[in-house]
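So the chains spell out like this:
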Amino acid sequence: MAVVCIGLLVVIFFLDTFNATVYSVGGDDIAGDTQEARDIRGLYDGARAGSIAVLVAALLTAAGAAVMLYRGRNSAAGEGEGGEDVDFDDLGR
């Protein structure tokens, strides 16, 4: 999920840059105080904010899962075979 959000943010960045470039070709300034310039600057604000929110949630979920896996790494080790120690020779039979 985090990779998708980062990809979305990259695409939004390039689209935003493209829109600003196209708007500036006509001699207009994207940093200007006109309504059109404000609309272009705010075009992807919702998608950008949503993508950042989902990215943060995905990173927090991944961190939580890593903590849970780290905490439970030793508790599940002996449950599968009743605690028997199986070596390579036993596996080869």
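For the structure itself, look to the data block above.
Let me begin by describing the structure that accompanies this report. (Residues numbered from 1 in each chain as written. Predicted model: local features only at pLDDT ≥ 70, side-chain atom pairs only at ≥ 80, totals over all residues. Heavy atoms only, no water.)

## Details of the packing of helix 1 (residues 2-25) against helix 3 (residues 45-71)
In a packed pair of helices, the relevant descriptors are the angle between the two axes and the axis-to-axis distance.
Point 1. In contact at an axis separation of 9 Å, helix 1 and helix 3 are set at 160° when each is read in the N-to-C sense. Here helix 1 lies roughly antiparallel to helix 3, going by the angle between them. Considering only the axes of helix 1 and helix 3, their crossing is left-handed. Only A47, R48, S51, I52, V54, L55, A58 and L59 of helix 3 make contact with helix 1, whose side of the interface consists of A2, C5, I6, L8, L9, I12 and D16.
Point 2. Here the residues of the contact of helix 1 with helix 3 sort into 12 nonpolar, 1 polar and 2 charged. (Axes fitted to C-alpha atoms, helices over the stretch in contact; angles between N-to-C directions. Helix = DSSP H or I, 4+ residues; strand = E, 2+ residues; numbered from the N terminus. Parallel < 35°, antiparallel > 145°, perpendicular 65-115°, else oblique. Left-handed = near helix turned anticlockwise from the far one by under 90°. Contact = heavy atoms within 4.5 Å. Nonpolar A, V, L, I, M, F, W, Y, C, P; charged D, E, K, R; others polar.)

## As for helix 1
Point 1. The terminal C-alpha atoms of helix 1, which comprises 24 residues, lie 35 Å apart, in line with the 34 Å expected from a rise of 1.5 Å per residue.
Point 2. Of the residues making up helix 1, those classed as buried are A2, C5, I12, N19, A20 and Y23.
Point 3. In the core, the buried residues of helix 1 are packed alongside helix 2 (35-41) and helix 3.
Point 4. Directly beyond the C-terminal end of helix 1, a positive phi value near 95° is found at G27. (Expected span 1.5 Å × (residues − 1). Buried < 20%, exposed > 50% of the residue type's maximum accessible area, 1.4 Å probe, protein only.)

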